[in-house]
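Residues per chain, in single letters:
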Amino acid sequence: MQEIIDTHNHLWQYEDNDFFSWIQEGMDVLRQDFSINQLEQTLQANGVAGSLLVHAVARLDESKVLLALAEKHNMVRGVVGWCDIVAGAETVKAQIQELRACGNKLKGIRYLSQGLPPEHLLSDSFVEGVREVGRAGLVYELLVTTEQLDAAAELVKQAEETNFILEHIAKPPIKAREIHPWAEKINGLAASPRVACKISGMVTEADWQQWKPADFVPYLDTVYEAFGQERLIFGSDWPMLLVATDYGGVKGIITAWVATHKEIDSDKIFADNARRIYHLD
């Protein structure tokens, strides 16, 4: 295996952000600051060479901070920032320009759609905002759940200028060991060749204390069948993963699964696809 690029890491200053009111019982490990130095140490200890930082807060200023850090740390290959997609194309265009003034490593945009009504993905202003992301040469990252997948698939059809990455395999109910209707809806989204899938965020959907690697195999096999090895990319979702395991636990799940599929080129999932899809240097 060549170098590994982790496409989903967060940083945050816990005390500064009311956003983290969602941290509940059992998530106390997240009630702290997570810095670029902590991330670098974690990745180096696990043999990971590069990172994409993904915004955690729905504010432009946080994305600007991430871009400034990316300019100073070679390990950071890119940033997925936030824009107010629902405000429409003109706002998105102006905000992307504002972000690009802070650094050269803006690679994608996402909006925190999880938990919102599925129909918000198809409002005229939202669709135009997503189209503008594509016109800017950036990928749009879909943070959606199972019940939003049909609307997400329609959004992809309406935003022909844009390439998409599905985050966290759409958060299927792994703890309940339910795979339907998630699997069918994943296939619908994957029908477009402009959509890739980030293998990330699975352990937080499992039983945090009692998960086993085998719990994830049906979900991994489903996204592999749907997207193929050319459209799957590795992401750890650090530090969110800490509620259920350590970094090595998440990396080990994917490494072990790939090893059971001799036909898969692990370099594609762990680095090459990310370089191509995000246009990494």
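Scroll up a little and you will see the structure.
The paragraphs below set out a description of the structure included in this document.

Parameters at a glance
- Residues numbered from 1 in each chain as written.
- Predicted model: local features only at pLDDT ≥ 70, side-chain atom pairs only at ≥ 80, totals over all residues.
- Heavy atoms only, no water.
- Salt bridge = Lys/Arg side-chain N within 4 Å of Asp/Glu carboxyl O.
- Helix = DSSP H or I, 4+ residues; strand = E, 2+ residues; numbered from the N terminus.
- Buried < 20%, exposed > 50% of the residue type's maximum accessible area, 1.4 Å probe, protein only.
- Pairing = 2+ DSSP bridges.
- Axes fitted to C-alpha atoms, helices over the stretch in contact; angles between N-to-C directions.
- Contact = heavy atoms within 4.5 Å.
- Core = buried A, V, L, I, M, F, W, Y, C linked by side-chain atoms within 4.5 Å.
- Phe/Tyr/Trp six-rings, centres within 6.5 Å; stacked < 30°, edge-to-face > 60°.
- Parallel < 35°, antiparallel > 145°, perpendicular 65-115°, else oblique.
- Left-handed = near helix turned anticlockwise from the far one by under 90°.
- Nonpolar A, V, L, I, M, F, W, Y, C, P; charged D, E, K, R; others polar.
- Right-handed = clockwise from strand over helix to strand, strands pointing away.

Oppositely charged side chains are able to pair whenever their charged atoms sit close together. All told, the structure shown has 18 salt bridges when counted by the stated rule. One salt bridge connects Arg110 with Glu167, and the closest N-O pair in it is separated by 2.6 Å. Within this pair, whereas Arg110 is found in strand β4 (residues 106-111), its partner Glu167 is found in the loop between β6 (164-166) and α6 (182-190), the two being separated by 57 residues in sequence. Glu167 carries the same exposure label as Arg110, and that label is buried. In this structure, Glu132 engages Arg135 in a salt bridge whose closest nitrogen and oxygen atoms are separated by 3.0 Å. Of this pair, Glu132 and Arg135 both sit in helix α4 (residues 124-135), three residues apart, roughly one helical turn.

With parallel pairing, eight strands are arranged side by side in an open sheet as β1-β2-β3-β4-β5-β6-β7-β8. Strands with a single pairing partner mark the edges of an open sheet, and in this sheet they are β1 (5-9) and β8 (232-234). Sheet twist, expressed as the average angle between the axes of neighbouring strands with direction ignored, equals 25 degrees. Where strand β2 (residues 50-54) meets strand β3 (residues 76-82), four bridges bridge the pair, whose relative direction is parallel. Bridge assignment links Leu52 to a residue of β3, and that residue is Gly78. Contacting β3 and β4, helix α3 (residues 89-100) runs over the sheet at an angle of about 135 degrees to β4. Sheet strands touched by helix α8 (residues 247-259): β1, β7 (195-199) and β8. Its angle to β8, the strand with the most contacts, is close to 150 degrees.

The subject of this paragraph is the nonpolar core. Counting 89 residues, the largest nonpolar core has Ile85 and Trp182 as its most contacted members. With residues up to four places along the chain from it excluded, the contact list for Trp182 reads Thr146, Leu149, Ile169, Ala170, Pro172, Tyr219, Thr222 and Val223. Grouped together as the second largest cluster of nonpolar side chains are 13 residues, Val80, Ile165, Ala271 and Leu280 included.

In this structure, His261 sits in the loop between α8 and α9 (266-278). In this structure His261 comes out as buried when scored by relative accessible area, which is 16%.

It is worth spelling out the packing of aromatic side chains at this point. For the coordinates displayed, the defined rule picks out nine aromatic pairs. For the pair Phe126 and Tyr140, a centre-to-centre distance of 6.3 Å together with 85 degrees between the ring planes defines the contact as edge-to-face. In this pair, Phe126 is assigned in helix α4 and Tyr140 in strand β5 (residues 139-142), connecting sequence segments 14 residues apart. Taken individually, Phe126 and Tyr140 each receive the classification buried, so the pair is uniform in this respect. When the ring of Phe234 is compared with that of Phe270, the centres are 5.2 Å apart and the planes differ by 50 degrees; the resulting orientation is tilted. Of this pair, Phe234 sits in strand β8 while Phe270 sits in helix α9, placing them 36 residues apart in sequence. Phe270 matches Phe234 in its accessibility class, with the two residues each being buried. Following the ring pairs from residue to residue traces out a cluster consisting of Tyr111, Phe126, Tyr140 and Phe164.

One can describe the packing of α6 onto helix α7 (residues 217-227) by two numbers: an axis separation of 9 Å at closest approach and a directional angle of 25 degrees. Accordingly, the angle class assigned to the pair α6 and α7 is roughly parallel. Pair α6 / α7 crosses with right-handed handedness. Facing Trp182, Ala183, Ile186, Asn187 and Ala190 of α6, the residues of α7 in contact are Tyr219, Thr222, Val223, Ala226 and Phe227. Residue composition of the contact of α6 with α7, grouped by class: eight nonpolar, two polar and no charged.

Attention now goes to the pairing of β5. Side chains of β5 alternate between two faces, with Val139 and Glu141 and Tyr140 and Leu142 buried alike. Handedness of the β4-α4-β5 crossover: right-handed. In this structure, β5 lies alongside β6, joined through three bridges in parallel fashion. From the neighbouring strand, Glu141 faces β6, where its bridge partner is Ile165.

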